[in-house]
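Descriptive analysis of the structure
Below, each chain spelled out in residue letters.
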Amino acid sequence: MHRSRAIRNIRLGIKNLMLHKLRSMLTVLGVVFGVGSVIAMLAVGEGASREALEQIRKLGSNNIILSALKPVEDEQTSGRTAFMSMYGLLYEDEQRIRQTMPAVVRAVPVKHVRKEGRLGERALELRVMGTTADWFAVVNRPVLAGRKLTQSDLDGQAAVCVLTEYGTRRLLATEHTIGQSLRIGGDYYEVIGIVQSEQSSGSIQTPDQEVDAYIPLNVAQARYGDISMRRSAGSQEMEMVELHMILVQVRSSDEVEPTADAIQSMLKRFHKKEDYRISVPLALLRQAEATKRTFNIVLGSIAGISLLVGGIGIMNIMLASVTERTREIGIRRAIGAKQRQIIGQFLIETIVLSTVGGLIGIAIGMMIPWLVTRLAGMPTIVPAYGIVLSLCISVGVGIVFGLYPAVRAAKMDPIVALRHE
Amino acid sequence: MAAPAADASRPAAQEELIVLQDVHKIYQMGTAQVKALAGVSLSVRRGGFWAIMGPSGSGKSTMLNLLGCLDRPTRGRYVLNRHDVSTLSDDGLSEIRLREIGFVFQSFNLIPQLTVQENIELPLYYQGWAAARSAERAEELAAMVGLGDRSGHRPTELSGGEQQRVAVARSLANDPSVLLADEPTGNLDSATGQQIMELFAELNRRGKTIVLVTHEPHIAGYAGHRLHMRDGRVDRIEAEA
C-alpha cells in the first residue's frame, strides 16, 4: 500500500509539472547542464586514466625505456656526401646502469638491424633484435610454441631466433617450423620459438614490434657489427650505433622516477650529444592524471555552478508554485493533511523535476564524450558509477532546493491559505 | 451562557457531540487585541442541525474555524466527540479534522487539477486507504449526490451546483461526526442553493450532525437550531419545537 501511495504521489507530481510544461523544462535546464558536465567530466577522466593504464600495462610500470636517437645536427650535416654518424647508447651505458644503480633489477641491451627474413618462397622485412634472455623477462609476452632465448644460447653464440606470431604468420610458418632454419640476410638461424606479438596501437609505443625476430646479442654483434649502411635517394649513409635500446627494469614503481633521473644525469655525463631518449611509462600515468585533474577542475566548476544555478531556479519556481497553490494547500490542510504530508507532496514534485533534468543531463552527458572522442580523438569511457552518481546528485539537488519551498507551504496557516484568492 | 440550557428540552439519550465551555479567541493585531470570541458556551447533540447567524464581525467565522479545528481557542475548552481538542498540536488537529470533520465551503474549494473522483477521494488518501477501496467509496458518494456519471470530469467542467455537490461528497468521504458548512449557498443561485440545502436536510435526516454559517434567514430556516451571534457572544438561540 505504501508503494502505491508513493507511485500516486509521483504521478500527482508529474501531473502538476505537466500543467506548466515549458516552465518545468526551462527550470530544469540548469540541472541538465550540471549533470551533463558531471558525466562528461567523469567520462573524459576515466578515458584518460584507462588509456594510461593500458599503456602502462603494455610498457610495464616498473620499466624505463632508453632508445637511441639520431641527433638533429647529424641529420642536417649528412647531406649528399657519405658520412658516418656515430650516436646511440653504448655497451658501457648498459654496464654502468646495471652495476651502479642498486634499484635496477635488469638492464636489457638491444641492438637491432633491418634484414629480410626468408622461409622458402616467403619473405618479410624483419627487425632483427640482438638481445639477451632478460628481454623476455621484461617484455613478457606469452610463448605460443617452442621456447625463449636462454643464457646458454648467448654463451654458445647459438644461431637461433625467436619469431613473433605475426612474423610466423607472414612467413607462412607454423609450430612445425620450429627446428627449421630461417634465412635472415645472408645467414641462417634455427627457429626455436614463437611469442605473441603486441601490435602498438595509437600513441602507445611498445618496445617490441610485430616484425621482430630475436637473436642472441653476441650473435648480432658478430654478424652485423656496429656499423650499418643505409642507402637513401642518392646518398649513402653509414651509421655506427652500439646499442639501439636499453630496457631497464626497476625494483619498485616508487624507484622508477628517481632511477630515470639518475640515468639521465649519468648519460649526460658520458654523452656529448643528446643522442638518446628516456621514456618512463609511469610518467604517462602522471600526465594522464594531470590531464584528468585539469578536466575535473574545469568541468567540475561548470557542473557545480550549473547545479547551483539550476537548484536556485528550481527553488524559485517551486516558491512561485507554492504561492500559486496556496489555496490548494489550505484545502488539503483543512481536509486533514499533516504538515509533513504537504512537505512530502512538494518535495516529490521537486525531486521529480530535478530527476527528469538529471536523466536528460545523463543523455546529453553521454553524447559529449562521444563527440570528444570523435573530434579530439581522446578516449572516453562513461563509467557506470557516474550514472548512479549523477542520479544521486539530481535527487540531492531536488531535496536541497525543494525543502525550503515545501516547508514554507506546510507552515502556512490553513485559515489564511483557504482565504487566498 | 444560555446555550446549554437551550438543549435541555432534547431527549437525554442523545449524546453531546460538541461542547464549548467559555471559549475565548483573542487575536493580536499589532499592539491592539481583538476579541473575536468573548466567552462562548455551547452544546450540540449528535444529529443536530445548527445554523450560526450574525452580522459580519460578530465572530461567526471564528466560531466555524474553531469548531473545524483549524484554530485553537485562546481560553476555554472545546470537546468534540469526546476528544478535548483545545490544546492539541498541529498534527493532532490535522488528525481530528481528518477523522471527525467534513468541510463545505462557500467557494467549493475543489482542487482544479484533480478529477471529481480524485477530489472526493482526498480525505481517504490522507487516511491511507488502498486505491481500489477508496475509488469504490468515491463512486458511491458521487452517485449519492447525483453525479455518478461525472467522476472523470474536472471541477471546471461542472456547474456551480455540481461543484458544491462534489464538495459535499468529499466532506462525507471520511464519514465525519460533524459537517461544517460555511455559507454553502453563497455562490449559487437560489434554485441551486435550495437543492444543496435539500441535500443537507436529507443528510441530517439520516443522522448527520450539521453546523452551517449563513446570514440568509431562509437558509437558516432549514436548521433545527439558529444561533445568533453578536460581538463575539451568543446573542440568542432559536430552536424548533
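Right above here is the structure, for reference.
Predicted model only: the values in this text are computed from it and were never measured.

A look at the interface of chain A and chain B
How big an interface is tends to be reported as the loss of accessible area on association of its parts. Every contact between the two is made by 18 residues of chain A and, on the other side, 18 residues of chain B. Mapped by element, the contributors of at least two residues to the side of chain A that touches chain B are helix H1 (2–18), helix H11 (326–335), helix H12 (339–376) and helix H14 (414–419) of chain A. A per-class count over the side of chain A that touches chain B returns 9 nonpolar, 5 polar and 4 charged.

Some thoughts on the packing of helix H4 (residues 116–127) of chain B against helix H5 (residues 131–144) of chain B
Residues and elements named next belong to chain B. In contact at an axis separation of 9 Å, H4 and H5 are set at 120° when each is read in the N-to-C sense. With respect to each other, H4 and H5 are oriented oblique. As for the relative orientation of H4 and H5, their crossing is right-handed in sense. Here Val 116, Gln 117, Ile 120, Glu 121, Leu 124 and Tyr 125 of H4 lie close against H5, whose contacting residues are Ser 134, Ala 135, Arg 137, Ala 138, Leu 141 and Ala 142.

Side note on unusual backbone geometry
Residue and element names in this part refer to chain B. Here the phi dihedral of Arg 82 falls at roughly 70°; this positive angle occurs in a residue that is not glycine. By the secondary structure assignment, Arg 82 is in the loop between strand S4 (75–80) and strand S5 (83–84). One non-glycine residue, Asn 109, lies in the positive phi region at around 55°.

So, the environment of Ala 220 of chain A
Residue and element names in this part refer to chain A. Note on placement: Ala 220 falls in helix H8 (residues 217–224). Given 20 C-beta atoms within a 10 Å radius, Ala 220 is considered buried. As for Ala 220 and Gly 130, which are separated by 90 residues in sequence, their C-alpha atoms are 5.2 Å apart. Each residue touching Ala 220, except ones within four places of it in the same chain, is listed here: Lys 111, Val 113, Val 128, Gly 130 and Ile 215.

A look at the nonpolar core
Ranked by size, the top nonpolar core spans 114 residues in total, and within it Ile 18, Ile 52, Ala 169, Leu 180 and Val 211 of chain B carry the most contacts. Among the elements that line this core, the one with the most residues is helix H2 (residues 21–59) of chain A, at 14 residues. Counting residues in each nonpolar core, the second largest holds 52 residues, with Ile 97, Val 139, Ala 213 and Leu 267 of chain A among its members.

The rules we used
- Residues numbered from 1 in each chain as written.
- Chains lettered and ligands numbered in written order.
- Predicted model: local features only at pLDDT ≥ 70, side-chain atom pairs only at ≥ 80, totals over all residues.
- Contact = placed C-beta atoms within 7 Å.
- Helix = DSSP H or I, 4+ residues; strand = E, 2+ residues; numbered from the N terminus.
- Nonpolar A, V, L, I, M, F, W, Y, C, P; charged D, E, K, R; others polar.
- Axes fitted to C-alpha atoms, helices over the stretch in contact; angles between N-to-C directions.
- Parallel < 35°, antiparallel > 145°, perpendicular 65-115°, else oblique.
- Left-handed = near helix turned anticlockwise from the far one by under 90°.
- Buried ≥ 20, exposed ≤ 12 C-beta atoms within 10 Å, placed from the backbone.
- Core = buried A, V, L, I, M, F, W, Y, C linked by C-beta atoms within 7 Å.

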